[in-house]
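# Per-entry structural report
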Amino acid sequence: MQPGDFRYKTTIKTITLAQQNDFGDFATSAEGSVTRFAKIKWLPSVEKIEAETLTFQRNAEFTYRFEAVTELLEIIDTITFDNNIFKIDSVQYKGYGNKQYVLIKGSTFTN
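All values derive from a computational prediction rather than experimental measurement.

Time to look at the pairing of strand E6 (residues 101–108). Burial analysis of E6 places seven of its eight residues in the buried class, the great majority of the element. Summarising the sheet, strand E3 (residues 53–65) and E6 pair through seven bridges and their orientation is antiparallel. Each residue of the ladder has a partner; that of phenylalanine 62, found in E6, is isoleucine 104. Across eight bridges, strand E5 (residues 84–94) lies against E6 in antiparallel orientation. Each bridged residue has a counterpart across the sheet, and for isoleucine 88 the counterpart in E6 is glycine 106. From the end of E5 to the start of E6, which pair antiparallel, there are six residues, and glycine 95 there has a positive phi angle of about 95 degrees.

In structure tokens form, the structure reads like this:
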């Protein structure tokens, strides 16, 4: 992997859920966002027909350097790039001792 590969500026939005005491439902308790540079590989997109409208879902693979922020990512978090919000579908750790790179597969929200 070359240093110039990490040239796309993305925003990672982390969401923390907490269980409410009264009814036991989950609610968002905190949100934070950090800006990190990533390598982006575009994956095949999907077209779907929902409610008689054609929707287009973009898929991408984001590669980040391993650090404290990327270590705690979950599937409820989102990544924003080029005004598109990607939900996280999977997180994989690669490299020496699984602590060198983080590969995240994400897809845009469908209407």
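Looking now at unusual backbone geometry. A positive phi is found at aspartate 82, a non-glycine position, where the angle reads about 55 degrees. Relative to the helices and strands, aspartate 82 resides in the loop between strand E4 (78–81) and E5.

Sheet analysis places E4 next to E5, joined by four bridges and oriented antiparallel. Looking at the pairing, threonine 78 lines up with lysine 87 of E5. Linking E4 back to E5 in an antiparallel pair, the connection comprises two residues, with aspartate 82 at a positive phi of about 55 degrees.

This part takes up the pattern of salt bridges. Evaluated as defined, the whole model comprises one salt bridge. Among the salt bridges present, the one from arginine 36 reaches glutamate 67, with a minimum N-O distance of 2.8 Å. One end of the pair, arginine 36, is in strand E2 (residues 26–50); the other, glutamate 67, is in the loop between E3 and helix H1 (68–71), with 31 residues separating them in the sequence. The partly exposed category is assigned to glutamate 67, whose relative accessible area is 29%.

Cut-offs applied
- Residues numbered from 1 in each chain as written.
- Predicted model: local features only at pLDDT ≥ 70, side-chain atom pairs only at ≥ 80, totals over all residues.
- Heavy atoms only, no water.
- Buried < 20%, exposed > 50% of the residue type's maximum accessible area, 1.4 Å probe, protein only.
- Helix = DSSP H or I, 4+ residues; strand = E, 2+ residues; numbered from the N terminus.
- Pairing = 2+ DSSP bridges.
- Salt bridge = Lys/Arg side-chain N within 4 Å of Asp/Glu carboxyl O.

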